Amino acid sequence: MERSDVLRAGAMLIVFAMFLATLHVIHRRPAERPISDSPFVAVPDDLSAELRRCRALGPQDAEDPHCHAVWEENRARFFGGPARPLLPQAAPATQPRTGAPKGEKS
């Protein structure tokens, strides 16, 4: 065997080893994250509390401007829009009446 044949075989082995090392790096999987046994508990945010409050309102409060803003924020969050701060807490649109004032018929 001549010296050039040995060098050629050595170069081929080096190229083959580099090819295998490249394939190993490409197909390497990321380290697996440890899975905790405790279930994920989402921290309730202000928007969720406001959505529950608006859902509990009756039909007489359907036109509450604060609830409209809360529903718009919820839609924007659902469709990937930026989160915007909510309007200040507003009182319900109508207050329940305990009795009719004098001069009005109920």
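Numbers given to residues run from 1 along each chain, matching the order in which its sequence is written. Local features in this predicted model are restricted to residues whose pLDDT is 70 or higher, and side-chain atom pairs enter the listing and the counts only when it is 80 or higher, whereas totals over whole chains, interfaces and linings include all residues. Side-chain measures here rest on the full set of heavy atoms in the structure, leaving out hydrogens and waters.

1. Describing the state of the cysteines
Throughout, a disulfide means two cysteine sulfur atoms within 2.5 Å of one another. What the rule picks out here adds up to one disulfide. Disulfide partner of Cys 54: Cys 67, at an S-S distance of 2.1 Å. Taking the sign of the S-S torsion, -95° for the link of Cys 54 and Cys 67, the bridge is left-handed. Here the residue Cys 54 occupies a position in helix α2 (residues 46-56), and Cys 67 occupies one in helix α3 (residues 65-78), the gap between them amounting to 13 residues. Like Cys 67, Cys 54 is buried. Secondary structure elements follow DSSP: runs of H or I of four or more residues count as helices, runs of E of two or more count as strands, with numbering from the N terminus. With a 1.4 Å probe rolled over the protein chains alone, any residue whose accessible area is under 20% of its type maximum counts as buried; one over 50% counts as exposed, and the rest are partly exposed.

2. Considering the packing of α2 against α3
For helices, the fitted axis covers only the stretch in contact; all axes are lines through C-alpha atoms, and the angles between them, taken along N-to-C directions, range from 0 to 180 degrees. Between α2 and α3, the shortest axis-to-axis distance is 10 Å and the interhelical angle comes to 130°. Here α3 runs oblique to α2, going by the angle between their axes. Crossing hand, α2 versus α3: left-handed. Where α2 abuts α3, its residues Leu 47, Glu 50, Leu 51, Arg 53 and Cys 54 lie against His 66, Cys 67, Val 70, Trp 71, Glu 73, Asn 74 and Arg 77. Polarity classes work like this: nonpolar for Ala, Val, Leu, Ile, Met, Phe, Trp, Tyr, Cys and Pro, charged for Asp, Glu, Lys and Arg, and polar for all others, with Gly in that last group. Residues belonging to the contact of α2 with α3 are distributed by class as follows: six nonpolar, two polar and four charged. Each angle gets one of four labels, with under 35 degrees taken as roughly parallel, over 145 as roughly antiparallel, 65 to 115 as roughly perpendicular, and the rest as oblique. The crossing is said to be left-handed when, going from far helix to near helix, the turn is anticlockwise and less than a right angle, and right-handed when the turn is clockwise. The contact criterion used is simple: two residues touch if any of their non-hydrogen atoms lie within 4.5 Å.

3. Observations concerning a nonpolar patch on the surface
Taken together, the side chains of Phe 16, Phe 19, Leu 20 and Leu 23 define a hydrophobic patch exposed on the protein surface, amounting to about 390 Å² of accessible area. As for its placement among the helices and strands, Phe 16 is situated in helix α1 (residues 3-26). For patch detection, residues must exceed 30% relative accessible area and be free of salt bridges, and they are connected within 9 Å for like charges or within 5 Å for nonpolar side chains (Val, Leu, Ile, Met, Phe, Trp, Tyr). Areas reported here follow the Shrake-Rupley algorithm with a probe of radius 1.4 Å; residue values treat only the protein chains shown as occluding. A pair is scored as a salt bridge if a Lys or Arg side-chain nitrogen falls within 4 Å of a carboxyl oxygen belonging to Asp or Glu.

4. A word on the pattern of salt bridges
Counted under the stated rule, the structure contains five salt bridges. Measuring nitrogen to oxygen at the nearest pair gives 3.5 Å for the salt bridge that ties Arg 53 to Asp 64. Placement of Arg 53 in helix α2 and of Asp 64 in the loop between α2 and α3 is noted, with a sequence separation of eleven residues between them. Ionic pairing is found between Arg 77 and Glu 73, a salt bridge with its closest N-O pair at 3.8 Å. Residue Arg 77 and its partner Glu 73 are located together in helix α3, separated by four residues, close to a single helical turn.

5. Examining the confidence of the model for the chain
Averaged over all residues, the pLDDT of the chain equals 75, while 63% of them reach at least 70. Ranking the elements of the chain by mean pLDDT puts α2 last, at 82, and α1 first, at 95. Per-residue confidence from the prediction method is given by pLDDT, with values spanning 0 to 100.

6. Focus: the nonpolar core
Nonpolar cores were defined as sets of buried Ala, Val, Leu, Ile, Met, Phe, Trp, Tyr and Cys residues, with membership established by side-chain atoms within 4.5 Å. One finds Leu 47, Leu 51, Cys 54, Cys 67 and Val 70 forming the largest nonpolar core, which totals five residues. Elements represented by at least two residues in this core include exactly α2 and α3. If you tally residues by element for this core, the top one is α2, at three residues. The residues touching Leu 51, leaving out its near neighbours within four places in the chain, are Val 70, Trp 71 and Asn 74.

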